[in-house]
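Here are the chains, one letter per residue:
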Amino acid sequence: MTSLHLRLATLLSGVIALALLGRAVAFPVDGDKTVLPVATELNEDALDKPREVFQSERTGAKSYLVNLGDLAFNSPGLLGEVARQAGVSCGTCHVNGANNAKFFMPKMSSRPGTFDTTGPLFNPKANNLAFDPVRIPSLRGARYLAPYGADGRFASLRDFVHNVITNEFAGPEPSPATLDAIVAYIHDIDFLPNPSLGPAGRLAGKISDAERRGEVLFAKPFPHDPALSCAGCHVPSSGFVDHQQHDVGSGGLFKTPTLRNADFNAPYFHDGRFDNYDQVVDYFDRTFQLELSAQDKGDLVAYLTAVGDGVQPYERDGAGATLKEINDFSMVLATAIPAGDKDIVALAVDTIGRELRELTEQYPDRKNTSVSGGEQQRVLARNGLKELVLTLRRIEMAVAAGRNADAATEFRNYRNLMAAAVPALLASAEPWSLFNQGVHDQHYAALRQVMRSRHLSH
């Protein structure tokens, strides 16, 4: 799910820029009017998104509470004013509950995939006057991974979430119900299944000799301190964590990160200093004098790769995936409208409306000269999505005025449009949408050219 809502008018000057895109930008942010640093990268143009697996969906459907938490997690309105203006939500850094390895914000990131949670941009009052970005973690399996925060300072996920909202981003005090919902959502995000892991975290199935040797090395005591081993902290039977903080010579006490699904969680270490397992193994070999041979290192990397794997880590982005998530968000309205819950309806309408507007921009308008063909189909797709946004607005106004019956009628109209008409329009226009790889690449190549021209002109 994308998060950034910035009109190109704030990023690029002149008629050419407006003709190219119209509103949203999805890779390095540029210009002098955006609230985010120049050259911010949020990776919003990616066509492959992390796959999100929910524990509850294995046995039924997500609950109202989980859907509400998912909605709030992806709502810029949850965070402070700077985040709201930039369209940044929790889901910007944690795409589909995973990490955003390409996230980069100058003055707030030391490298892609890191973020300074005590930096000056979002909440100057929380600025610790030190540039100390931490790695953006995946939230998969978070219910098993207490304590929370890179340094493990929060025993409670609820307290951690509250701190992120109110301190790191200067967001308004969230209601207890909203906090409960976000915690329920994060708790529901599961690890990707890994057929290579059996009971108690032991390797299973078709395992190579190198992986087997690596598993033995992983549990072997360190030569110069027999009380230590890799498995002593990354306990296989406990999700490859020990729920403790340790100093491994990297600059302080930090909690043990899980190795499950870690193949997709780079960069590594609390500050994201390492790109791959080879670098991590080399670091531990040097720091703890493990005396590893070249084969030992290769075996450990093979083992870590087997442990860190997961089935279908990514899925192709498209209208269908986006509509499914929007439908999950819409289930919140099915409960909030009859209850006359004005605050939840307003949150849902704002968040779903943003998602629909972003989806609209995947179908370039007539002014976009980088896309040829399918003009009528694109117009119809955009109009269908705009009608959904208008319908949502009518729902919000009706609930705000206490006309819950009218809101319910409008919600039925919304559901009817989402059931058949809009999906059909989007499917018809997809060959000329940014979900088409060729159209996508041509579109962003044209935008990059405009941005390069603008730099040269300055």
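Fair warning: this is a prediction, and the values are worked out from it, not measured in the lab.

Calculation notes
Residues numbered from 1 in each chain as written. Predicted model: local features only at pLDDT ≥ 70, side-chain atom pairs only at ≥ 80, totals over all residues. Heavy atoms only, no water. Core = buried A, V, L, I, M, F, W, Y, C linked by side-chain atoms within 4.5 Å. Buried < 20%, exposed > 50% of the residue type's maximum accessible area, 1.4 Å probe, protein only. Contact = heavy atoms within 4.5 Å. UniProt positions renumbered as here; feature names shortened; annotations may be inferred. Helix = DSSP H or I, 4+ residues; strand = E, 2+ residues; numbered from the N terminus. Phe/Tyr/Trp six-rings, centres within 6.5 Å; stacked < 30°, edge-to-face > 60°. Axes fitted to C-alpha atoms, helices over the stretch in contact; angles between N-to-C directions. Parallel < 35°, antiparallel > 145°, perpendicular 65-115°, else oblique. Nonpolar A, V, L, I, M, F, W, Y, C, P; charged D, E, K, R; others polar. Lys, Arg positive; Asp, Glu negative; His and termini not counted. Salt bridge = Lys/Arg side-chain N within 4 Å of Asp/Glu carboxyl O. Polar contact = N/O pair within 3.5 Å; in protein donor to acceptor, adjacent residues only side chain to side chain. Expected span 1.5 Å × (residues − 1). Bend = angle between axes of the 7 residues up to and from the residue.

Undergrad: For the nonpolar core, give the residues involved together with the corresponding values.
TA: Residues Ile186, Ile352, Leu356, Tyr363, Tyr414 and Leu426 are the most contacted members of the largest nonpolar core, which totals 72 residues. If near-sequence neighbours (up to four positions away) are discounted, isoleucine 186 is found in contact with Phe73, Leu139, Ala142, Leu157 and Val161. Counting 26 residues, the second largest nonpolar core, distinct from the first, contains Ile207, Phe222, Tyr277 and Leu290.

Undergrad: Talk me through the UniProt feature "domain: Cytochrome c" (unreviewed entry) in the protein chain; I want residue IDs and the actual numbers.
TA: Those places that UniProt annotates as "domain: Cytochrome c" (unreviewed entry) correspond, in this numbering, to residues 64–190 and 209–308. Helix makes up 35% of residues 64–190 and strand 3%. Its end C-alpha atoms lie 18 Å apart.

Undergrad: So what about the packing of aromatic side chains? Which residues, and what values?
TA: What the rule picks out here adds up to 20 aromatic pairs. Ring centres of phenylalanine 73 and tyrosine 185 lie 5.0 Å apart, and the angle between their planes is 55°; on these two criteria the pair is classed as tilted. Residue phenylalanine 73 is located in helix α2 (residues 64–73), and its partner tyrosine 185 is located in helix α6 (residues 176–188); the two are separated by 112 residues in the primary sequence. For the pair formed by phenylalanine 73 and tyrosine 185, the shared burial category is buried.

Undergrad: Explain the packing of α2 against α6 residue by residue, including any values.
TA: Where α2 contacts α6, the axes come no closer than 7 Å and their chain directions differ by 100°. Taken as axis vectors, α2 and α6 run roughly perpendicular relative to one another. Together, Leu65, Val66, Leu68, Gly69, Asp70, Ala72 and Phe73 of α2 and Ala177, Thr178, Asp180, Ala181, Ile182, Ala184, Tyr185, Ile186 and Asp188 of α6 make up the contact between the two elements. The residue inventory of the contact of α2 with α6, partitioned by class, reads 11 nonpolar, 2 polar and 3 charged.

Undergrad: Tell me about the side chain of glutamate 52, and name the residues and values.
TA: Here glutamate 52 lies in the loop between β1 (48–50) and α2. An unpaired buried charge is present at glutamate 52: no salt bridge exists, and lysine 62, the closest side chain of opposite charge, is 6.0 Å distant. For glutamate 52, the side chain forms a polar contact with the side chain of tyrosine 185, separated by 2.5 Å. Ignoring any residue separated from it by four or fewer positions in sequence, one finds glutamate 52 in contact with Asn96, Gly97, Tyr185, Ile189 and Glu325.

Undergrad: So what's going on with the environment of glutamate 44? Which residues, and what values?
TA: Position of glutamate 44 relative to the elements: it lies in the loop between α1 (15–20) and β1. Separated by 51 residues in sequence, glutamate 44 and valine 95 place their C-alpha atoms 9.6 Å apart.

Undergrad: Before we move on, could you go through the environment of asparagine 67 and cite the residues and values that matter?
TA: Examined against the element boundaries, asparagine 67 turns out to sit in helix α2. Expressed as a C-alpha distance, the spacing of asparagine 67 and alanine 181, which sit 114 residues apart in the sequence, is 7.9 Å. Contacts of asparagine 67, omitting those with residues within four sequence positions, involve Lys62, Asp328, Phe329, Met331 and Val332.

Undergrad: Describe the pattern of salt bridges, naming the residues involved and giving the relevant values.
TA: Enumeration according to the criterion identifies 24 salt bridges in this entry. The partner of aspartate 328 in a salt bridge is lysine 62, with the nearest N and O atoms 3.1 Å apart. Of the two residues, aspartate 328 is situated in helix α11 (residues 319–339) and lysine 62 in the loop between β1 and α2; the sequence distance between them amounts to 266 residues. For aspartate 282, the salt bridge goes to lysine 297, with nearest N and O atoms at 3.1 Å.

Undergrad: Break down helix α14 (residues 404–429) for me, with residues and values.
TA: A rise of 1.5 Å per residue sets the reference length of α14, with its 26 residues, at 38 Å; its end C-alpha atoms lie 35 Å apart and thus fit the reference within 8%. Its maximal kink placed at methionine 418, α14 deviates by approximately 50°. Close packing links the buried residues of α14 with α11, α12 (342–360) and α13 (375–400).

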